[in-house]
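Coordinate analysis (summary)
Okay, here's what each chain looks like letter by letter:
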Amino acid sequence: MLEIYAGNTALKTIQEKGFSPELFTSFLGASGGPKWFTLYALDKYMFGEFFKNQQQALNLIGSSVGAFRTACFAQKDPVAAIERLAKNYREITYSDKAKPEEVSTKAVEMMDAIFGESGEQEIIDNPHFKAHFIVAKCKGLVASENKFLQGVGLAKSYLNNRISRPLLKSQYERFIFQSNNSDLQLNDPDNIATTRLPFSTANIRSALLASGSIPIVMEGISNIKNSPKGMYRDGGIVDYHFDFEIKNTGLTLYPNFSSTLKAGWFDKRLSRKVRMKHYENTVLVCPSAKFIATLPHEKIPDRNDFVVMKREQRMAYWQQVMKESEKLAEAFDQLYQTQDINRIKNIRQLLV
């Protein structure tokens, strides 16, 4: 049901100290839209039980829906926030051939669901769970709201990335909106310019919305308050599954919907892999192919479901995936309770 992989350093640490929440100082949440429903119960277990009594700082790093999740985790009642996110996302309905304005309006409603009555301040004030939302600031044609010009810019991005990922820095900068007391240390060998800005009540909602603002599909977010002027879009453009080094001491826990890791949005159809050295301290948790084969339609949810399924069919399918995800949470709990660390495989087999 559940596959668990770890880098060499992470494996050695677990073998010496056992598998416990105290090992982890960072947590990754990847892009992927509705694919997240596969991790729904796992998220609730991790932040309702596994990390419930966490006293040391845990850096929560997310892009797109991964950022939405980190916004839930850093609230006083993370389980309730996760449930609000899931309900809103599952029940979203778009008109046929919905325009970016409509999709963005629905996303604003999702922000309301995520934050609830006091979520913004709870995230800002949280001393232990430190949220980080990754956003891509766009330059040139990809900053345009004209679909044709934006499309030309995205085509250029695809070609640049195909040649060499560092070429993306001519069109994008990485912005990280973060907890005021963040101690997160990152190293990006691709040298994509990175700016880190503290959360405020004036920017946190716009930053989260920007992190999930998919190019072409949604409107970009321009001129976020307390930030440099410009156009901000989906953080997954640059950091879809992450390919940077987290330099903090401690391990990184990374629940993902797939064991196939891609650095950025434009890598999804390329054979390029993320760097092994960036995952030496990481524990990757993901559903197995056997588990996915038991799901309705024998796949995990994706954005295409909005197009190919009627609303009632899609909602029932996603609800069933959410229910089935409880098996992943149970499997993770079993590993923790029994300390059956022999189940953990070396992540090298995925990345080398």
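Presented here is a report on the structure given in the accompanying data block. What you see is a predicted model, and the numbers here were worked out from it, not measured in a lab. Residue numbers run consecutively from 1 along every chain, following the written order of its sequence. Side-chain atom pairs in this predicted model are given and counted only at pLDDT of 80 or more, local residue features only at pLDDT of at least 70, and totals for whole chains, interfaces and linings cover all residues. Only hydrogens and water are set aside; all other atoms, that is, all heavy atoms of the structure, feed into the side-chain values.

With that settled, consider the nonpolar core. Residues belong to a common nonpolar core when they are buried Ala, Val, Leu, Ile, Met, Phe, Trp, Tyr or Cys residues joined through side-chain atoms within 4.5 Å. In this scheme, a residue with accessible area under 20% of its type's maximum is buried, one over 50% is exposed, and one in between is partly exposed, where area comes from a 1.4 Å probe on protein chains only. Judged by nonpolar contacts, the single largest core of 83 residues is most densely connected at Phe-24, Phe-51, Leu-253, Val-283 and Phe-332. Comment: elements are numbered from the N terminus, with helices defined as DSSP H or I runs of at least four residues and strands as E runs of at least two. Among the elements that take part in this core, helix H2 (residues 40-50) stands out by supplying seven residues, more than any other. When sequence neighbours within four positions are dropped, the list of residues in contact with Leu-253 reads Phe-24, Ser-26, Phe-27, Leu-28, Met-46, Phe-50, Phe-51, Val-283, Val-285 and Phe-332. In terms of nonpolar packing, the next biggest core, distinct from the first, is built from 21 residues, Ala-30, Ile-246, Tyr-254 and Met-276 among them. We call two residues in contact whenever any of their non-hydrogen atoms come within 4.5 Å of each other.

The next point concerns the side chain of Asn-161. Mapping Asn-161 onto the fold places it in helix H7 (residues 147-163). Of note is the side chain of Asn-161, whose polar atom sits 3.0 Å from the side chain of Asp-267. The contacts of Asn-161, once residues within four sequence positions are left out, are Leu-168, Phe-266, Asp-267, Leu-270 and Arg-272. Here a polar contact means two N or O atoms within 3.5 Å. Within protein one must be a hydrogen donor candidate and the other an acceptor candidate, and residues neighboring in sequence count only if both atoms are side-chain atoms.

So, on to the packing of helix H4 (residues 78-91) against helix H5 (residues 100-115). What counts as an axis is a line fitted to C-alpha atoms, over the stretch in contact for a helix, and the angles between N-to-C directions run from 0 to 180 degrees. Where H4 meets H5, the closest approach of the two axes is 7 Å, and the angle between their N-to-C directions is 155 degrees. Classified by the angle between their axes, H4 and H5 sit roughly antiparallel to one another. Here H4 runs over H5; the crossing is right-handed. For the pair H4 and H5, the contacting residues are Ala-81, Arg-84, Leu-85, Asn-88 and Tyr-89 in the first and Glu-109, Met-110, Ala-113, Ile-114 and Phe-115 in the second. In the contact of H4 with H5, the residues fall into seven nonpolar, one polar and two charged. Roughly parallel covers angles under 35 degrees, roughly antiparallel covers those over 145, roughly perpendicular covers 65 to 115, and oblique covers all other angles. The sense of a crossing depends on the near helix, which, turned anticlockwise from the far helix by less than a right angle, makes the crossing left-handed and, turned clockwise, makes it right-handed. Note on residue classes: Ala, Val, Leu, Ile, Met, Phe, Trp, Tyr, Cys and Pro are nonpolar, Asp, Glu, Lys and Arg are charged, and everything else, Gly too, is polar.

On to unusual backbone geometry, then. What is expected of a backbone is that most residues other than glycine have negative phi and most peptide bonds are trans. Backbone geometry places Lys-97, a non-glycine residue, at a positive phi of 55 degrees. Mapping Lys-97 onto the fold places it in the loop between H4 and H5. Take Lys-97: its relative accessible area is 82%, and that puts it in the exposed class. Of note, Asn-223 is a non-glycine position whose phi angle comes to about 50 degrees, a positive value. By the secondary structure assignment, Asn-223 is in the loop between strand S8 (221-222) and strand S9 (231-234).

Salt-bridge detection follows one rule: a side-chain nitrogen of Lys or Arg within 4 Å of a carboxyl oxygen of Asp or Glu. Applying the stated criterion to the full structure yields 19 salt bridges. Ionic pairing is found between Arg-165 and Asp-239, a salt bridge with its closest N-O pair at 3.8 Å. Note that Arg-165 is positioned in the loop between H7 and strand S5 (172-178) and Asp-239 in the loop between S9 and strand S10 (245-246), a separation of 74 residues in sequence. Asp-239 carries the same exposure label as Arg-165, and that label is buried. Measuring nitrogen to oxygen at the nearest pair gives 2.7 Å for the salt bridge that ties Asp-239 to Arg-174. Of this pair, Asp-239 sits in the loop between S9 and S10 while Arg-174 sits in strand S5, and the two are 65 residues apart along the sequence. Take Asp-239: its relative accessible area is 0%, and that puts it in the buried class. Its relative accessible area of 3% is what places Arg-174 among the buried residues.

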